[in-house]
Every structure is written in structure tokens, then in C-alpha cells.
Amino acid sequence: MHGLIFASFRDYLLTEQGADIAHDVTDGEPQYTLSEAYPDEQFLALLERACARTGLALDDLLFEFGVFTAATTFARLYSILFKHSATARDFLLTVETPIHDVVREALPDARPPKLAVTDLGEDGLEIVYASPRRICAMLRGLVEGTGRVYGETIRLEEPECMHHGAEACRFVLRFP
């Protein structure tokens, strides 16, 4: 997993959960760098410790973290990409190509999820998420956080989910 996700998680814990929880969860962890990839198991272990320490369910924690990452970390680090898109809808159409393509080339071990983003016209967007990590709740948060960056509300439905036997998660996004 990309070091940026680890660094953002540490920031999320500090900002949203407090210094004591951030310290307890990340004690003994390395200083994650944005130019490295780390084993998925490290991130999953951090999530488990964070859930135990905060009392949040895994999906709730992943959602909150996704919102924070999009609205704070990505909005700050990739502000130029957000400025190139007039709306959240336009931005979300660019996530897989070129953003994830660039990550795959620069850090092959980071293995970002595969996203198939389809423009449904007036009906919104469809995002199909496939990843062995199965952290679709984080994607829900990333979508919500992206909407917040643009001051937009995005209605999100998940008619298919890997946690319920589907091969991938399918999200339908509406922009009222």
C-alpha cells in the first residue's frame, strides 16, 4: 500500500481521534514516507489497533478515514488536480486514469485498487471497485470527502459488495 495512505492515517488519527489514540495506535511504527510502498498487512494491523482503541467498527473507521483523506490530505497535496475539475463528478472521472496509473508506474508495489468509472449521463456515475484489501468503506468515504471539497452532496448506493459475495463492489453515485 502507498506510503501516503499510512501518512494520512496517522494524520487522521491525530486530527480526528486525538494525540493519545494516535500515539497508542502508531507506537513502534516506522516513519512512513510518500515515496515507498508498504505491506497491506501493516495497514490492516493499524486499522485493527485503531478500532480497538477508538471503539469504532471497521467500516465506520474506514469511512471516516476516507472522508478525511479526500477532503484534507488529497485536497492539500493534489490541489492542482482538484482545480482542474469543475465538479466532484468531473474529478471522480479522472481517478483511475491518470491518477492510479501514475501510482502503478511510480510505485508498483503500492498496488492501488482497480476502479472502473463509468459516466451514466444524467443518472450519475458508476464505480466498480476491485481489490484484495476489500476496504470498500474507505472508497465510500473518499467519495463523500471529494464531494465536500467541491461543496457538493453525492448520494451513493452500493448494490453489489465483495463482503456480500460479489466479485467486486459496484457503487452508483448521484449528484442531486
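Residues numbered from 1 in each chain as written. Predicted model: local features only at pLDDT ≥ 70, side-chain atom pairs only at ≥ 80, totals over all residues. Heavy atoms only, no water.

What follows concerns helix H8 (residues 136–149). The terminal C-alpha atoms of H8 lie 20 Å apart, and with 14 residues this matches the ideal 20 Å at 1.5 Å per residue to within 8%. Taken across its 14 residues, H8 has 10 buried, putting it largely inside the fold. Within H8 the residues assigned to the buried category are Cys136, Ala137, Met138, Leu139, Gly141, Leu142, Val143, Gly145, Thr146 and Gly147. (Helix = DSSP H or I, 4+ residues; strand = E, 2+ residues; numbered from the N terminus. Expected span 1.5 Å × (residues − 1). Buried < 20%, exposed > 50% of the residue type's maximum accessible area, 1.4 Å probe, protein only.)

Moving on, we get to a nonpolar patch on the surface. On the surface, a cluster of nonpolar side chains totalling about 420 Å² of accessible area is made up of Leu34, Leu77, Tyr78, Ile80 and Leu81. Mapping Leu77 onto the fold places it in helix H4 (residues 58–77). When its relative accessible area of 39% is taken as the criterion, Leu77 is described as partly exposed. (Patch = residues over 30% accessible without salt bridge, like charges linked within 9 Å, V, L, I, M, F, W, Y side chains within 5 Å. Areas by Shrake-Rupley, 256 points an atom, 1.4 Å probe, with all protein chains shown as cover. Salt bridge = Lys/Arg side-chain N within 4 Å of Asp/Glu carboxyl O.)

This paragraph deals with helix H3 (residues 40–54). Taking 1.5 Å per residue as the helical rise, H3 with its 15 residues ought to reach 21 Å, and the 21 Å between its terminal C-alpha atoms agrees with that figure. On the buried face of H3, the contacting elements are helix H1 (3–17), helix H2 (19–26) and H4. A positive phi of about 80° marks Gly55, the residue just after H3. (Contact = heavy atoms within 4.5 Å.)

Our next topic: the side chain of Ser131. By the secondary structure assignment, Ser131 is in the loop between strand E2 (125–130) and H8. The exposure class of Ser131 is buried, given its relative accessible area of 7%. What Ser131 contacts, discounting residues up to four positions off in sequence, is Pro113 and Met162.

This brings us to the sheet that holds strand E4 (residues 169–174). Strand order in the open sheet formed by four strands is E1-E2-E4-E3, and the pairing between neighbours is antiparallel. Two strands bound the open sheet, and with one partner strand each, they are strand E1 (114–119) and strand E3 (155–160). Going across the sheet, the axis of each strand differs from the next one's by a mean of 20°, ignoring polarity. With four bridges connecting them, E3 and E4 associate as antiparallel partners. Note that in E4 the partner of Glu157 across the bridge is Val172. The sheet contacts of H8 involve E1, E2, E3 and E4, and relative to E4 the element is tilted by about 15°. (Pairing = 2+ DSSP bridges. Axes fitted to C-alpha atoms, helices over the stretch in contact; angles between N-to-C directions.)

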